[in-house]
Amino acid sequence: MTETSLGTKLQDARLKRGMSILDAAHKTKIPAQRLQNLEADNYAAFGSMTYARAFVRQYSAFLGVS
């Protein structure tokens, strides 16, 4: 059994709510490009894992993903 990545879980949760990236960006105040990076598991794009972790926490809390 393969484990689903965090980015895939976030994307699935967003899509189940019927939200676009832009909708989620507007509601969370997280730039759309950052959300796309999170959903693509591209944490290197953040420059620092501290920033990536903070965005993951905020976005996952918004979507109800643990």
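Refer to the structure above for everything that follows.
Re the nonpolar core
Working step 1: One finds Leu10, Leu35, Leu38, Tyr59 and Leu63 to be the most contacted residues of the largest nonpolar core, which totals 16 residues.
Working step 2: For this core, the secondary-structure elements that each account for two or more residues are α1 (6-16), α2 (21-28), α3 (32-39) and α4 (49-63).
Working step 3: At five residues, the largest contribution of residues to this core is made by α4.
Working step 4: Excluding anything up to four places from it in sequence, Leu35 contacts Ile21, Ala24, Ala25, Thr28, Ile30 and Tyr59.

Notes on the packing of aromatic side chains
The way to describe two aromatic rings as a pair is by their centre distance and the angle between their planes.
Working step 1: Within the structure shown, the criterion is met by one aromatic pair.
Working step 2: Centroid distance Phe46 to Phe55: 5.6 Å. Interplanar angle 40 degrees. Geometry classified as tilted. The pair formed by Phe46 and Phe55 is uniform in burial state, with each residue classed as buried.
Working step 3: Looking at Arg17, its charged tip hangs above the ring of Phe62, at a distance of 5.8 Å from the centre.

Topic: the pattern of salt bridges
Working step 1: Applying the stated criterion across every chain, the model contains one salt bridge.
Working step 2: For Arg14, the salt bridge goes to Glu39, with nearest N and O atoms at 2.7 Å. Pair noted here: Arg14 is in helix α1 and Glu39 is in helix α3, with a separation of 25 residues, a long-range link.
Working step 3: Residue Arg14 is classed as buried on the basis of its relative accessible area of 5%.

Let's talk about the side chain of Asn37
Working step 1: Note that Asn37 resides in helix α3.
Working step 2: Take Asn37: its relative accessible area is 10%, and that puts it in the buried class.
Working step 3: For Asn37, the contacting residues outside a window of four places in its chain are Asn42, Ala45 and Phe46.

Cut-off values and rules
- Residues numbered from 1 in each chain as written.
- Predicted model: local features only at pLDDT ≥ 70, side-chain atom pairs only at ≥ 80, totals over all residues.
- Heavy atoms only, no water.
- Core = buried A, V, L, I, M, F, W, Y, C linked by side-chain atoms within 4.5 Å.
- Buried < 20%, exposed > 50% of the residue type's maximum accessible area, 1.4 Å probe, protein only.
- Helix = DSSP H or I, 4+ residues; strand = E, 2+ residues; numbered from the N terminus.
- Contact = heavy atoms within 4.5 Å.
- Phe/Tyr/Trp six-rings, centres within 6.5 Å; stacked < 30°, edge-to-face > 60°.
- Lys NZ or Arg CZ within 6 Å of the ring centre and 35° of its normal.
- Salt bridge = Lys/Arg side-chain N within 4 Å of Asp/Glu carboxyl O.

Read these as spatial facts, not as claims about activity.
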